[in-house]
Amino acid sequence: MSRLDARFRIDYPGFCFDVECTIPLEGTIAVFGSSGSGKTTLLRCIAGLTRASSGLLRFDDTVWQDDARGIFLPVERRHVGFVFQEARLFPHLTVTQNLKYGMKRSYPFRRRIAFDHVTELLELETLFQRRVSHLSGGEQQRVAIGRALLTSPQLLLMDEPLASLDQQRKKAIVPFIQRLTRELSIPVLYVSHALHEILQLADHMVLLKEGRVAATGPIQDVFSRLDLPGLVESNVIGAILETRIAEHEPQFGLTRVEFLGRSLFLPQQVLPPGAPLRVQVLSRDVSLVVGAPPATSSVLNTLEATILEVSESPGDQYAVEVKLDVGYPLLAMITRKSFQQLRLRPGQKVHAHFKAVALT
Amino acid sequence: MSVPEMDWGPLWLTVQLAGVTVVVLLLVGTPLAWWLAFTRSRFRTLVEAIVALPIVLPPTVLGFYLLVALGPHGLIGGPWKDLTGSALSFTFAGLVIASTFYSLPFVVQPLHGAFEAVGKKPLEAAWSLGASKLDAFFTVASPMAVRGYLSAVVLGFAHTLGEFGVVLMVGGNIPGVTKVLSIAIYDHVEVLEYTQAHFLSAVLLIFSFLILTIVYTINRRLPIHVS
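Calculation rules
Residues numbered from 1 in each chain as written. Chains lettered and ligands numbered in written order. Predicted model: local features only at pLDDT ≥ 70, side-chain atom pairs only at ≥ 80, totals over all residues. Heavy atoms only, no water. Helix = DSSP H or I, 4+ residues; strand = E, 2+ residues; numbered from the N terminus. Buried < 20%, exposed > 50% of the residue type's maximum accessible area, 1.4 Å probe, protein only. Contact = heavy atoms within 4.5 Å. Areas by Shrake-Rupley, 256 points an atom, 1.4 Å probe, with all protein chains shown as cover. Lys, Arg positive; Asp, Glu negative; His and termini not counted. Charge placed at Lys NZ, Arg CZ, Asp CG, Glu CD. Pairing = 2+ DSSP bridges. Axes fitted to C-alpha atoms, helices over the stretch in contact; angles between N-to-C directions. Buried area = accessible area lost by both parts, 1.4 Å probe. Salt bridge = Lys/Arg side-chain N within 4 Å of Asp/Glu carboxyl O. Polar contact = N/O pair within 3.5 Å; in protein donor to acceptor, adjacent residues only side chain to side chain. pLDDT = per-residue confidence, 0-100. Parallel < 35°, antiparallel > 145°, perpendicular 65-115°, else oblique. Left-handed = near helix turned anticlockwise from the far one by under 90°. Nonpolar A, V, L, I, M, F, W, Y, C, P; charged D, E, K, R; others polar. Patch = residues over 30% accessible without salt bridge, like charges linked within 9 Å, V, L, I, M, F, W, Y side chains within 5 Å. Core = buried A, V, L, I, M, F, W, Y, C linked by side-chain atoms within 4.5 Å.

A. Representation of the overall build of chain A within the structure. Helix and strand counts for chain A stand at eight helices and 21 strands. Along the three orthogonal principal directions, the C-alpha set of chain A runs to about 70 × 50 × 35 Å. Taken over 360 residues, chain A has a buried fraction of 53%. Of the contacts formed within chain A by residues at least 6 apart in sequence, a portion of 64% connects residues at least 24 apart. With the model as given, the accessible surface of chain A reaches about 16,400 Å², and the carbon-plus-sulfur share is 49%. Both charge centroids of chain A, one from 41 positive and one from 37 negative side chains, sit 4 Å from each other.

B. Representation of the overall build of chain B in the model. In terms of helices and strands, chain B carries eleven helices and zero strands. Along its sequence from the N terminus, chain B presents helices and strands in the succession α-α-α-α-α-α-α-α-α-α-α. Structurally, chain B occupies a C-alpha span of about 65 × 45 × 30 Å along its principal axes. Per-residue burial over chain B gives 44% buried out of 227 residues. Taking the intrachain contacts of chain B between residues at least 6 apart in sequence as the baseline, contacts between residues at least 24 apart amount to 71%.

C. Inspection of the sheet that holds strand β11 (residues 212–218) of chain A at higher detail. All names here are of chain A. Strand order in the open sheet formed by six strands is β7-β8-β9-β3-β10-β11, and the pairing between neighbours is mixed. Both edges of this open sheet fall to β7 (80–83) and β11, since each of them pairs with a single strand only. Direction aside, neighbouring strands of the sheet carry axes that sit 15° apart on average. As defined by bridge partners, strand β3 (residues 28–32) adjoins strand β10 (residues 204–209) across four bridges and the pair is classed as parallel. The residue bridging A30 from the neighbouring strand is M205, located in β10. Contacts between helix α1 (residues 39–47) and the sheet are confined to β3, β7, β8 (155–159), β9 (188–192) and β10, with β8 contributing the most and set at about 150° to the helix.

D. Examining the interface of chain B and chain A more closely. Counting residues at the interface gives 21 residues for chain B, matched by 20 residues for chain A. On the chain B side of the contact with chain A, E124, S128 and L129 of chain B bury the most area, a combined 36% of that side's loss. On inspection of chain B and its partner chain A, the count reaches five salt bridges. Here R88 of chain A makes a salt bridge to E124 of chain B, at a shortest N to O gap of 2.8 Å. Across the contact surface, chain B and chain A share seven residue pairs in polar contact (both at pLDDT 80 or more).

E. Summary view of unusual backbone geometry. Residue and element names in this part refer to chain A. At H79, a position not held by glycine, the phi torsion is positive, near 55°. Within the fold, H79 resides in the loop between β6 (71–72) and β7. The phi torsion at R88 lies on the positive side, around 55°, for a residue other than glycine. Topologically, R88 is positioned in the loop between β7 and α2 (95–104). Judged by its relative accessible area of 13%, R88 falls in the buried class.

F. A look at the side chain of R256 of chain A. Residue and element names in this part refer to chain A. Mapped onto the elements, R256 comes out in strand β13 (residues 254–259). For R256, a relative accessible area of 17% gives the class buried. Every residue in contact with R256, bar those within four places of it in the chain, is listed here: R244, I245, A246, E247, S263, L264 and F265.

G. Focus on the sheet that holds strand β1 (residues 2–12) of chain A. Residue and element names in this part refer to chain A. The strand order β2-β1-β4-β5-β6 describes an open sheet built from five strands, whose pairing is antiparallel. The sheet is open, and its two edges are formed by β2 (15–25) and β6, each paired on a single side. Bridging between strand β5 (residues 62–66) and β6 involves two bridges; their strand directions are antiparallel. Bridging from a neighbouring strand, D66 pairs with I71 of β6. The sheet strands contacting α1 are β1, β2, β4 (54–59) and β5, and the helix crosses β1 at an angle near 115°.

H. Molecular detail of the confidence of the model for chain A. Averaged over every residue, the pLDDT of chain A is 85; the share at 70 or more is 96%. The secondary structure element of chain A with the lowest average pLDDT is helix α5 (residues 167–184) of chain A, at 77, and the one with the highest is β7 of chain A, at 93.

I. Representation of the packing of helix α1 (residues 9–38) of chain B against helix α2 (residues 44–56) of chain B. All names here are of chain B. Here α1 crosses α2 at 140°, and the two axes come no closer than 10 Å. Relative to α2, the element α1 lies oblique. Viewed along their axes, α1 and α2 form a crossing whose handedness is left-handed. Counted together, L32, W35 and L36 of α1 and R44, V47, E48 and V51 of α2 form the full contact between these two elements. Split by residue class, the contact of α1 with α2 holds five nonpolar, no polar and two charged.

J. The pattern of salt bridges, seen in detail. In total, this model carries 20 salt bridges over all chains according to the counting rule given. Residues R256 of chain A and E258 of chain A are paired through a salt bridge, measuring 3.5 Å at the closest nitrogen-oxygen approach. Through salt bridges with shared partners, one network takes in R44, E86 and R88 of chain A together with K121 and E124 of chain B.

K. Inspection of the environment of Y149 of chain B at higher detail. Tracing the sequence through the fold places Y149 of chain B in helix α8 (residues 146–161). Considered as a pair, Y149 of chain B and L26 of chain B are 123 residues apart in the sequence and their alpha carbons are 8.6 Å apart.

L. Structural context of a negative patch on the surface. Residues and elements named next belong to chain A. Residues D116, E120, E123 and E125 make up a contiguous surface patch of negative charge. Take E125: it is sitting in the loop between α3 (115–121) and α4 (137–149). Overall, E125 belongs to the partly exposed group, its relative accessible area being 41%.

M. Examining the nonpolar core more closely. Among the nonpolar cores identified, the biggest contains 61 residues, and L4, F8, I46, L155, L157 and L189 of chain A are the most heavily contacted of them. Among the elements that make up this core, the one with the highest residue count is helix α5 (residues 92–118) of chain B (seven residues). L4 of chain A has contacts with C21, T22, I23, L25, I46, L57, R58, F59, W64 and L155 of chain A, leaving out every residue within four places of it along the chain. Ranked by size, the runner-up nonpolar core spans 36 residues in total, among them V83, I113, V118 and L165 of chain A.

Structure representation (structure tokens):
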């Protein structure tokens, strides 16, 4: 697995961008943070579009920038794809010419992504002869993604590629991005300030705050941490489960998914049985039962759990967060009153009732 | 009115001068306009003002300074003489250099505007797709700035065609060498040859009108829309 070692510092008037991180380049890596936290700057520094006054950047063992040694590899020699917020297509070229612009400039021995594969994946065939100015925003962005992919980049950088699109077009493009990493095995560094996009797409996450790295790690870890500003307030703390669709129960409007050999139910999904589905269990959607589980319950999802740890809820002074082990870490947010009545302590066996939400 | 007995020399010379000048201007003006469009240097405004000077300066003033500079001991004429063994003043080459200065803003300003309108964004996209800086200039920036080039060529050409004051100062009035159209018209009027003056003036007027009309039409139809 490749990795990126980055250290950049830029002093702006009134703002210091000072980032140091190691990013494993596999799957989709989300760069998240509020606006002005330095997400775009980080991406541009990695691409070589912005030159940090002091920086060190290594892609595996290849040095892309090392100011101590006066090394700076220009962007055109880094073999990265960049998808900007706006499509930035070339208006004097047709769609096909746009798509082939970077491909023609790549070394033939580097090309491992076929033209037909990309155009099929992004459903671009019907657009080939169209003028760029006659494309809709979503179509333009798909062409831009295809154009970047056709250079067979060793890393794809996407700077809020969906920011300029409306909700409906966003929904249409997200599945394409998901398929990219799976089918073409190109690592994607994805900048966004939309949490639901990240929850849906990312495997790994770099959280930026005021020009610094606040947290980095696998997305499951980051979203079950309680000390991260921005996440806690957004009520998105909870476990992320990689499940597989088992069957649909249309008579109840439910879908059964399998996770670690157990069944979970959630509202009916459109994906076919066998398809992978990412599911989130928010900590506020989990309740705990001590003792034998009720023989019958209206709650569909119940798992046996062991309490690992109890801590203050950072978002609510009358609540506590309970970290559980169900063969996988799960978080539950319960009221302080219940916590005292149930006399919860680490090591105790309980049953967790919860609602699961599909991240699509 | 029948076509009068004419000396076509000045017309031909003028076209040659304007043509050569435009080529020189494109070679000099493109990098200059590019620099003006993208530099963050604090000398930018200074250079911009210098480039625009010929628009406001009386041609005789510009011509006077150029005459001094092109002279055998001048800033440009001196080294030229050392290099080639001949003087610059009152030669065709001298006229080309003078016209280059004189028409510089008419080429640099449209190009500057066009490059600014193209902006950094498409270039960054091109670089990220593996294009070198020069490659991106020729395959992205230039085609996107095609309207600017068209305006630059036409304005530079037309402006050099009508040059009078500067030519008179640095070129004099040597038939076949420096006697251009506007000076020929002046000569005809001086000796009261109004028919010839009318004819040459009409040629210049119609030509200028036609070329501007053609340019504006093409400009309107060009498919490039830089947002």
